[in-house]
Amino acid sequence: MSAEQMKQTVARAAVKYVTDDSVIGVGTGSTANHFIDALAESQIPVRATVASSEATAEKLKAAGFLLEDLNSAGTLSLYIDGTDEVNEHLHLIKGGGGALTREKIVAAASTQFVCIADASKQVSTLGKFPLPVEVIPMARSYVAREIVKLGGDPELRDRFTTDNGNVILDIHNMEISDPVAMEQQINALAGVVCCGLFAARPADVMLLGQSDGSVITLGG
């Protein structure tokens, strides 16, 4: 089974966490897109959805779902999203698609965060996947210098602007042994909007699609 097929399988498995008449948050990226397709096929009558990016909003609208602003929606019952890496504590690296700040906001506003991914995303130590950091443009050089002091190699994501109008630094060659502390340290830098470590608020449930077509559930 290919990685894409594993994503489809795990996306269908995530639908069982959706309840009738609920307002749910939906993440960004290929795995989240598979979830939108699976949710549409399920015909579960959700009341509304909250999107974590403009791209997700467009896909949700195209699939026939009602969109609601998070400020109006209040606390969400469920947030479904993919990940770039996950460790045994369900700490994540997210933001490969550049929507990390809005993803983190919607996750924080949700009672349950169910993360979905193919098995290749499970790692023992976070950091092989470059850690995205959303930065206000005028602070790019300063933040990059501070990240070098933390042991990382920052690289500006070429020709990319976030939905919030900011830039992203991708941090390479950083083994993250204490994700909670590292998240706090990077987020405390002046000019950083958000880093792609989801450790202070990790996933509650991790669904990992396997090559044999099965799905392993962690947490919950």
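Refer to the structure presented above.
Our subject in this report is the structure included herewith. Numbering of residues starts from 1 in each chain and follows the order in which that chain's sequence is written. Only residues with pLDDT of at least 70 are given local features in this predicted model, and only at 80 or more are side-chain atom pairs given and counted; all residues enter the totals for whole chains, interfaces and linings. For the side-chain quantities, the full set of heavy atoms in the structure was used; hydrogens and water were omitted.

**What to know about the sheet that holds strand β5 (residues 92–93)**
Short version of the rule: Two strands form a pair only when DSSP identifies at least two bridges running between them. Secondary structure elements follow DSSP: runs of H or I no shorter than four residues count as helices, runs of E no shorter than two count as strands, and numbering proceeds from the N terminus.
Spatially, the 3 strands line up as an open sheet ordered β4-β5-β11, and their pairing is antiparallel. Here the strands that pair on one side only, and so sit at the sheet edges, are β4 (85–86) and β11 (197–198).

**Quick notes on the packing of helix α1 (residues 3–14) against helix α2 (residues 30–42)**
Packed helix pairs are specified by the crossing angle of their axes together with the interaxial distance, meaning the distance between the axes. Short version of the rule: Only the contacting stretch of a helix is used when fitting its axis, a line to C-alpha atoms as for every element, and angles between N-to-C directions run 0 to 180 degrees. Should an angle lie under 35 degrees it is considered roughly parallel, over 145 roughly antiparallel, and from 65 to 115 roughly perpendicular; all remaining angles are considered oblique. Each crossing gets its handedness from the near helix: less than a right angle anticlockwise from the far helix is left-handed, clockwise is right-handed. Contacts are residue-level and defined by heavy atoms, with any inter-residue pair within 4.5 Å sufficient. In the scheme used here, Gly and all other residues not listed as nonpolar or charged are polar, with Ala, Val, Leu, Ile, Met, Phe, Trp, Tyr, Cys and Pro taken as nonpolar and Asp, Glu, Lys and Arg as charged.
Orientation of α1 relative to α2, taken along the N-to-C sense of each, is 50 degrees, at an axis distance of 8 Å. When the axis of α1 is compared with that of α2, the two are oblique. Relative to α2, α1 is oriented so that their crossing is right-handed. Judged by residue contacts, E4, K7, Q8, V10, A11, R12 and A14 of α1 engage S30, T31, H34, F35 and A38 from α2. Partitioned by chemical class, the residues of the contact of α1 with α2 number 5 nonpolar, 4 polar and 3 charged.

**Some details on empty space enclosed by the protein**
Empty space among the atoms becomes apparent when a probe as large as a water molecule is rolled across them. What counts here: The pocket and cavity definitions rest on a 1 Å grid over protein atoms only: a 1.4 Å probe that fits but cannot leave marks a cavity, an open set with protein on both sides within 12 Å along at least five of seven lines marks a pocket, and residues lining either have an atom within 4 Å of a point. Grid points are joined across faces, edges and corners, and a volume is the space filled by probe spheres set on the points.
The full count for this structure, using the stated rule, is 1 cavity of 30 Å³ or more. Counted as a void, the largest cavity has a volume near 40 Å³. Every residue along the wall of the largest cavity is listed here: G98, A99, L100, T101, R102, E134, T162, D163 and N164. When residues of the lining of the largest cavity are assigned to their parent elements, the largest contribution, 3 residues, is made by helix α5 (residues 100–108).

**Description of unusual backbone geometry**
This is how it is decided: Summary of the burial criterion: residues with accessible area below 20% of their type's maximum are buried, those above 50% are exposed, and those between are partly exposed, where the area comes from a 1.4 Å probe applied to protein chains only.
Phi angles above zero are rare outside glycine, and L90 is one such case at about 65 degrees. Positionally, L90 belongs in the loop between β4 and β5. Judged by relative accessible area, L90 falls into the buried class, the value being 6%. Not every positive phi belongs to a glycine, and R159 is a case in point at roughly 55 degrees. By the secondary structure assignment, R159 is in the loop between β8 (153–156) and β9 (167–172). In this structure R159 comes out as exposed when scored by relative accessible area, which is 79%.

These values are about where atoms sit, not about what they do.
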